[in-house]
Amino acid sequence: MSIVHDTDPEFDVIIIGTGAGGGTLAHALAPTGARILMLERGELLPRERENWDEKAVFEQKRYLAKETWYDRDDRSFEPYTHYWVGGNTKVYGAALLRMREDDFGEVRHVGGMSPAWPISYRDLEPYYTRAERLYTVHGARGSDPCEPPASEPFPHPAVEPEPRIKELFDDLRAQGLRPFPIPLGVRPNHSERGAAPYRLSNFDGYPDLTQVKADAHVVGVQSALRRREVSLLTSAYAERLETDSTGRLVTGVVVRRGGQTTTLRAGIVVVACGAINSAALLLRSAGPRHPNGLANSSGMVGRHYMTHQNGCFVAVMQEENPSQFQKHFGLTDFYRASSEAPFPLGTIQLMGKPDRGTLAWLRGSQLPGVPLDDIAGRTIDFFLTAEDLPDPDNRITLRTDGSIRVSYTPNNTQAYDRLHDTLVRILTRVEHARGRSQPVFLTSRLGVSGVSHQCGTLRFGMDPSTSVLDVDCKAHDLDNLYVADSSFFPSSSAVNPSLTIMANALRLGEHLSRRLGGTPTVESRSFAVQRGVLA
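Scoring rules and cut-offs
Residues numbered from 1 in each chain as written. Predicted model: local features only at pLDDT ≥ 70, side-chain atom pairs only at ≥ 80, totals over all residues. Heavy atoms only, no water. Salt bridge = Lys/Arg side-chain N within 4 Å of Asp/Glu carboxyl O. Helix = DSSP H or I, 4+ residues; strand = E, 2+ residues; numbered from the N terminus. Buried < 20%, exposed > 50% of the residue type's maximum accessible area, 1.4 Å probe, protein only. Core = buried A, V, L, I, M, F, W, Y, C linked by side-chain atoms within 4.5 Å. Contact = heavy atoms within 4.5 Å. Pairing = 2+ DSSP bridges. Axes fitted to C-alpha atoms, helices over the stretch in contact; angles between N-to-C directions. Parallel < 35°, antiparallel > 145°, perpendicular 65-115°, else oblique. Left-handed = near helix turned anticlockwise from the far one by under 90°. Nonpolar A, V, L, I, M, F, W, Y, C, P; charged D, E, K, R; others polar. Disulfide = S-S within 2.5 Å.

(A) Spatial organisation of the pattern of salt bridges. If you walk through the whole model with that rule in mind, you get 31 salt bridges. Between Arg-62 and Glu-48 there is a salt bridge, and its shortest N-O distance comes to 2.8 Å. In this pair, Arg-62 is assigned in the loop between α2 (54-59) and β3 (69-71) and Glu-48 in the loop between β2 (36-39) and α2, connecting sequence segments 14 residues apart. For Arg-62, a relative accessible area of 36% corresponds to the partly exposed category.

(B) Region of the structure containing unusual backbone geometry. Positive phi, normally seen in glycine, also occurs at Ala-94, with a value near 60°. Its location among the elements puts Ala-94 in the loop between β4 (76-77) and β5 (107-109). You will see that His-308, though not glycine, has its phi angle at about 70°, which is positive. For His-308, the location among the structural elements is in the loop between α6 (275-284) and β14 (309-316).

(C) Representation of the nonpolar core in the model. Formed by 91 residues in total, the largest nonpolar core has its most connected members in Ile-16, Leu-39, Tyr-135, Leu-241 and Leu-481. Every residue in contact with Leu-241, bar those within four places of it in the chain, is listed here: Ile-16, Val-250, Gly-252, Val-253, Val-269, Val-271, Leu-281, Leu-282, Ser-285, Leu-294 and Leu-481.

(D) Representation of the sheet that holds strand β19 (residues 404-407) within the structure. Pairing in this open sheet of four strands is mixed, and the strands run β4-β3-β19-β18 from one edge to the other. Each edge of the open sheet carries a strand with a single partner, namely β4 and β18 (395-398). Where β3 and β19 come together, two bridges link them in parallel fashion. Residue pairing across strands places Tyr-70 opposite Arg-405, the latter belonging to β19. Helix-sheet contacts for α6 involve β3, β18 and β19, and the interaxial angle to β18 is about 45°.

(E) Structural context of the packing of helix α3 (residues 121-134) against helix α10 (residues 498-515). Interaxial distance between α3 and α10 falls to 8 Å at its minimum, and their mutual angle equals 110°. Considered as vectors, α3 and α10 are oriented roughly perpendicular to each other. Crossing handedness for the pair α3 and α10: right-handed. For the pair formed by α3 and α10, the contact residues are Leu-124, Tyr-127, Tyr-128, Arg-130, Ala-131, Glu-132 and Leu-134 on the first element and Leu-499, Thr-500, Met-502, Ala-503, Asn-504, Leu-506, Arg-507 and Glu-510 on the second. Counted by class, the contact of α3 with α10 contains nine nonpolar, two polar and four charged residues.

(F) Seen up close, the state of the cysteines. Under the counting rule described, the total for this entry stands at zero disulfides. Cys-273 forms no disulfide, and the closest cysteine sulfur to it belongs to Cys-473, at a distance of 14 Å. Residue Cys-273 is classed as partly exposed on the basis of its relative accessible area of 26%. Of the cysteine sulfurs around Cys-312, a residue in no disulfide, the closest is that of Cys-455, at 18 Å. Judged by relative accessible area, which is 14%, Cys-312 ranks as buried.

(G) The sheet that holds strand β20 (residues 440-445), seen in detail. Pairing is antiparallel in the open sheet, where six strands are placed in the order β8-β15-β16-β17-β14-β20. Strands with a single pairing partner mark the edges of an open sheet, and in this sheet they are β8 (180-181) and β20. With two bridges joining them, strand β15 (residues 329-331) and strand β16 (residues 347-350) adopt antiparallel strand pairing. Within the sheet, the bridge partner assigned to Gly-330 lies in β16 and is Gln-349. Each of β8, β15, β16 and β17 (379-386) touches helix α4 (residues 163-174); the most contacted strand, β15, lies at about 25° to it. Against the sheet, helix α9 (residues 413-433) makes contact with β14, β16, β17 and β20, and its axis sits at roughly 15° relative to β14, the strand it touches most.

Right under this line is the structure:
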């Protein structure tokens, strides 16, 4: 691995963050031959037995960021976020779904209107396809009833379900529903002769010591570092960005590392810290030309924060569920308005088995006298996602001590409530059809600390007065500052954001390749006219 030295601070591109956006962008830009520096505040996550130890991961929080943030009412909380090379993808569930085609237009919800994007699904489709290839997505094209048009099949067939999950899959179909294999980013070796089969197990929330999980570190960062022009600096916290006297150019990234502070310089700076930390970095970078925060002439930096309405839904069944990897299928039958509801509800998908601590918390006073291990052996576990709508009062700000405040009030809550109740009815019918007893449902909606699906704090758009970024994800107010994480989302949809982040990073990579003088591989569809600074 190449590590930069503080005495050699000049680069063509600095990318701050190595997650789904930054890691993918580094991979895309590496072939240009440009001198690229990736900055990561965390370290390389060690491959160790604790990666799959439930107690170490969830009870001891071995890999969780050691940070305290604050909510709207100044109450402290520990955010569910991770600072490692690869960012949050080191522990994500690798569900890589495309946003639906109509998500790019206005969508009316029971709680209000979800705004249109300044680009269409068609503009992003080639990059979705490339991202699916890059992250070796396994799926079954055409099985998702809300799936948007695609130019190619999935690169690999869907992961096969275990017997108990296959039974439920078939039961749902018998009820007239259309479950589909969740597109998963995994890297089992399909081609090596004599290779032993790999069986997925501890996955959601766990690091993967086998590196079969297709995360931004093993897919993006490692491949980029094979180029000698690409460097990685870990334990490097970006404190602020400096600009020239005009305020139009970022001239330096002030980095704190090992008790020392240095300023690194590049012709192009890309912020990819995650929607919350990217907004915080720009707010910390206020100066004479940008008194309210860098790139904030619109006042939109940090605003319109979204994180989905997500929740855990644990169904305790009569029959045992011995599945080691149950994360096989999803349901989007209620993604749009349907007979169940006149407005969109969201996405239902299976998730990994919850740890014992989470299960005990969800259980509360239910099922008294039943051993927790008995309950754990009979659960089938779901993750519910409903869209939350952009609200300027849902925002990221800094407290006087510089710490992060997340001001967030849920909206469009009826969609989540109806999605929850719909799943209760579905599973009740399924079990009754088999002559089994009524399941017991242990459920909870995630609170302010559940930031895994964070997005929207630096929205892109055509109008500099209502958006932070242009359609190429360049800051309206600066000529060499870009963003490559989920901050750019104008709306959140109701699917996991990872694949859209990756696809947009590839789109941005093509744009920057042209600016750097390279040759892109797919024709870019750019709508913006830059200020004479593009090649």
